[in-house]
Amino acid sequence: MKQFLSFIRKEFYHIIRDRRTMLILLGMPIIEIILFGFAITTEVKNVKVAILDYSKDVSTRQIIDKLDASEYFNVTRILHSNDEIEETFRKNTSDLVVVFEPDFDNNLHHTGKAKVQLIADATDPNNATILTGYASSIIADYQQSMRTQQQIPIQIIPQTKLLYNPSMQSAYNFVPGVMGLILMLICAMMTSISIVREKETGTMEVLLVSPVRPLWMIIAKTVPYFVLSCVNLVTILLLSVYVLHVPVAGSLFSLALLSWIFIIVSLLLGLLVSTIATTQVEAMLISGMVFMMPTMLLSGMIFPIENMPLPLQVISNIIPAKWYIIGVKKIMIEGLSISFVWKDICILILLATILMGISLKKFNKRLE
């Protein structure tokens, strides 16, 4: 029994000494409960609303005030023509556009009926349904209060219009997210074992005496995986178009360029893990577990980032998949040109530059 207890004590010592194991065992549950608790929410908050008011009367002003006073909506823009509606969605300055017909108040009091149009971006069908549902509820509440106050049988008819995905196919929403998740995990996992393998197989000494500079070593290790990742990209796109029936509405070259940059970022992330980890198993666990959860929860793949607490919104800015998914939706679903995704491309290039610098520094230390 004493020997048995000694073995248990020895195992405890081994685990406690290994800081990475302790971090996974004790730190992972804390991170998961925080992320799942705050990131997973179906509520919609702080929705940016644009108003196109052809009537500009008392009734429309009251409805606009009720929308703006709601905890769900913030009226951020006033439009002046129909031409501005699609532009505001393309620039991501509005999530919902409310259009009031001409003579809204006059129609309401003389004919008893008035129309209001709710226009939402349906690239995320669930979010669009929730937005229009909340707005319809506020309008219905205003209608009921008018009936009670004036004793007039009025009816406000909300008309919903969904842009980019009028058939409400869920594939339009999850395909860009799944593309980002697959490329991130596959690329990171492939390269995460490259340098660790050299150490485990004893070939690190060969690299030490090699005349090739460390920068070119990293590039040489990345190129084969980049080619294989491009094959994966082609496969994913073919399945998306011909099996899931999600068309590429924009330029195929623009989509490919964005994807190539994202693949490079993902490969560099894997290389960074490879310079930190000590074994191939450890590298696979880090790249598989640590990258998967933030990519799923903080990239906007499943849950809107705008609904999350501010600290998580800030953290999401360093998640490469967030910018890739935003760019893919703009090009692939909305059919926009590459000029609308320059911000996303520049951020991915910046992340790639930072990762290259850190990886090179860590790799040099490994070679010393």
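Conventions used here
Residues numbered from 1 in each chain as written. Predicted model: local features only at pLDDT ≥ 70, side-chain atom pairs only at ≥ 80, totals over all residues. Heavy atoms only, no water. Helix = DSSP H or I, 4+ residues; strand = E, 2+ residues; numbered from the N terminus. Expected span 1.5 Å × (residues − 1). Buried < 20%, exposed > 50% of the residue type's maximum accessible area, 1.4 Å probe, protein only. Polar contact = N/O pair within 3.5 Å; in protein donor to acceptor, adjacent residues only side chain to side chain. Phe/Tyr/Trp six-rings, centres within 6.5 Å; stacked < 30°, edge-to-face > 60°. Lys NZ or Arg CZ within 6 Å of the ring centre and 35° of its normal. pLDDT = per-residue confidence, 0-100. Salt bridge = Lys/Arg side-chain N within 4 Å of Asp/Glu carboxyl O. Disulfide = S-S within 2.5 Å.

A few points about helix α11 (residues 252–276)
Look at α11: 36 Å from first C-alpha to last across 25 residues, which is about the 36 Å you get at 1.5 Å a residue. Along α11, 19 of the 25 residues are buried, which leaves the element largely enclosed by surrounding structure. Where α11 begins, the side chain of Ser 251 points an oxygen toward the backbone nitrogen of Phe 253, at a separation of 3.3 Å.

Focus on the packing of aromatic side chains
What the rule picks out here adds up to four aromatic pairs. Centre to centre, the rings of Phe 100 and Phe 104 are 5.4 Å apart; their planes meet at 85°, and the pair counts as edge-to-face. Pair check on accessibility: Phe 100 and Phe 104 agree, each one buried. With a centroid separation of 6.5 Å and 85° between ring planes, the pair formed by Phe 253 and Trp 260 is classed as edge-to-face. A relative accessible area of 32% places Trp 260 in the partly exposed class. Directly above the ring of Trp 323 sits Lys 322, whose terminal nitrogen or CZ lies 4.4 Å from the centroid.

A word on the confidence of the model for the protein
Summary statistics for the protein give a mean pLDDT of 80 and a share of 82% for residues scoring 70 or more. Across the protein, strand β3 (residues 96–100) holds the top mean pLDDT of 92, while helix α9 (residues 204–208) sits lowest at 55.

Observations concerning the pattern of salt bridges
Summed over all chains, the structure comprises six salt bridges. Residue Glu 84 is joined to Arg 77 by a salt bridge in which the shortest nitrogen-to-oxygen separation is 3.9 Å. What makes Glu 84 buried here is its relative accessible area of 18%. For Arg 77, a relative accessible area of 28% gives the class partly exposed.

With respect to the state of the cysteines
All told, the structure shown has zero disulfides when counted by the stated rule. Left without a disulfide partner, Cys 187 is nearest to the cysteine sulfur of Cys 230, which lies 8.6 Å away. With a relative accessible area of 1%, Cys 187 lands in the buried category.

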